[in-house]
Each structure stands twice: as C-alpha cells, then as structure tokens.
Amino acid sequence: MNLWRLEWLRLFRTGRWIALGAVFLLIGFGEPLATRYLGELLSGATGNGYIHITTTKPQPSDGMGAYFGNITTLGTLVIVVIAGLAFSLRANPPLAALYLTHVPGRTRLLVPRLVTILAAAAIASAAGGAAAAYETTLLLGAPDTSATATGILISSLGAVFAVAVTFLAAMFLRGQVATIAVALGATFVAVPFANLIPGIRDIGPAAFIALPKQLQLTAWSTDDTWATVVTLLLAAVCVAGGLWRATRWEL
C-alpha cells in the first residue's frame, strides 16, 4: 500500500471526513433557513408586549452572507482541529519512529498527508457553499451567480490557508494540543490583529477571509486581488517552511 492510499483511508476510517462534511453542510443548509425565518421568530417572541421588533424582508445576499460569516469561524475551527490531529506525526513516538525510519525523505512522507487534508478541507468548503446557495435559492431567491461562485472559491482557498498555517505549526511542535492551540491563535488572533496595521489592512489574510461575505454587497476591487495574492503566498510560505522544518526533525 502506498502512502497516498494510506492517507485517504486514514481520512475516511477515522471519521474525520464526517466532521468536516457535517459542519459545512449543516451550516450551509441551516444559515439560509435561519435567515429566512429569524425575523418571524423574533416578532412572534415579543407577543403583545411593549417591545416590538421590526425586520426587513431578507434578501438572497443575506442568506449567503450569513453562511460565509458563520463558516469563517466554525469552519476554520474544525479544519484546524482535524489538520492538527493529522499533522502531529511526532505526538506518537513509536509510530513516528516507524514512519521516519521506513519512509525515505520527509517530503515523501508528509506531502500525501498534506495534500489529502488540503483537498478534504477545500471540498468540504465547496460543498457547504453549494448547499448554502441551493437553500438560499429555495427560500430567498437566487443569489448573484458571480459573487456566490467567487465567494465559494475564496472560502475554499481560505480553508487551504488554515490548513497551511496548521501544517507549519505541527512541524515545529510535537503535541496535538499545542499544534491546534498555536494554529488557532494564529488564525483567530494574529490574523485579525495584523488587520489593524494600516499598511496591510486591506490586503492581508483578514481582508481575504472577509471577501466571500463582502462580495455579496460590493464589487471586486484591486485591494481584493492583492489580498488574494498575499494570502496565497503566505500559505505557500507556510507549506515550504513546514517541509523545511521537517528535514531537521530528530527521532
């Protein structure tokens, strides 16, 4: 059995694909539904009291925007956890020794696992976006095709960025908990904090991650192109840095 087949079997037999698919599909089908009926539920909850809530009729962009806004946090959390579990090879010393002594070259060992998790995260993100677009069309009307397709693509690339950051953390740290904690800190703390710096506010990863929701309301701009290029370059740097660090591992 080659390593590529082993990693795909590991993904499915450990049930990690279920966690990925369940979260993205649940949010994809659930957010447009919540957007459609939230106003009615809030209005009904107030009854005949002194408090009255007035809501406007939800639009297709509201349904897709709610999905993209929610998946940015919950989806990223699940991706980082699953990637952290998969990439922490040295968390189990006996198994790590077996891998590192029987597979020639760290790149040959790590690339199949990295590509498998990248593909799984991107596919789950695309499936969730497709589910949200379908549910939004049924309940609220058809969303803008171009903005929605671009948002789904960017959301999938955002999942790739989260995997790359986790991969880099796992190559420097041994434990699964430490890897997940550092990767979550990088995605949920460092990235938003960098967004406060004026020079990179509109062209950094935070701006890129916010693009799917933003494109439901605004057109693509030059800053959006720069944000995409910068984020993908950072993802490539994380992967390259992780592979370099793996060559320095000791048993």
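Residues numbered from 1 in each chain as written. Predicted model: local features only at pLDDT ≥ 70, side-chain atom pairs only at ≥ 80, totals over all residues. Heavy atoms only, no water.

A word on the overall build of the chain. The helix and strand tally for the chain stands at ten helices and zero strands. Order of helices (α) and strands (β) in the chain, N terminus to C terminus: α-α-α-α-α-α-α-α-α-α. Each principal axis of the C-alpha distribution contributes one length, and for the chain these read about 70 × 40 × 35 Å. Residues classed as buried in the chain amount to 42% of the 251 residues present. Summarising the internal contacts of the chain: among those between residues at least 6 apart in sequence, 80% fall at separations of at least 24. (Helix = DSSP H or I, 4+ residues; strand = E, 2+ residues; numbered from the N terminus. Buried < 20%, exposed > 50% of the residue type's maximum accessible area, 1.4 Å probe, protein only. Contact = heavy atoms within 4.5 Å.)

Once that is clear, we can look at the nonpolar core. Residues L20, I79, F87, L110, V163 and M171 are the most contacted members of the largest nonpolar core, which totals 51 residues. Mapped onto this core, the elements with two or more residues apiece are α1 (3-13), α2 (16-46), α3 (60-87), α4 (93-102), α5 (106-139), α6 (145-172), α7 (176-194) and α10 (222-246). Take this core: its biggest share by element is eleven residues, from α3. Once you skip the residues sitting within four places of it in the chain, L20 turns out to touch V78, I79, I82, A120, A121 and A124. Counting residues in each nonpolar core, the second largest holds seven residues, with A147, A207, F208 and L211 among its members. (Core = buried A, V, L, I, M, F, W, Y, C linked by side-chain atoms within 4.5 Å.)

Below, the discussion takes up α4. Buried within α4 are the following residues: A96, Y99 and L100. The arc that holds the buried residues of α4, viewed along the axis, is 90°, so those residues lie on one side. Across α4 from its buried face, at more than 90 degrees, point the exposed residues P94 and H102. Buried residues belonging to α4 abut α1 and α5. (Arc of directions from axis to C-beta.)

Close approach of charged atoms allows side chains of opposite charge to pair. Per the counting criterion, the structure on display carries two salt bridges. R113 is the partner of E7 in a salt bridge, and the nearest nitrogen-oxygen pair spans 3.2 Å. Of this pair, E7 sits in helix α1 while R113 sits in helix α5, placing them 106 residues apart in sequence. With respect to burial, E7 and R113 carry one shared label: buried. Salt bridges sharing common partners tie together E7, R10 and R113. (Salt bridge = Lys/Arg side-chain N within 4 Å of Asp/Glu carboxyl O.)

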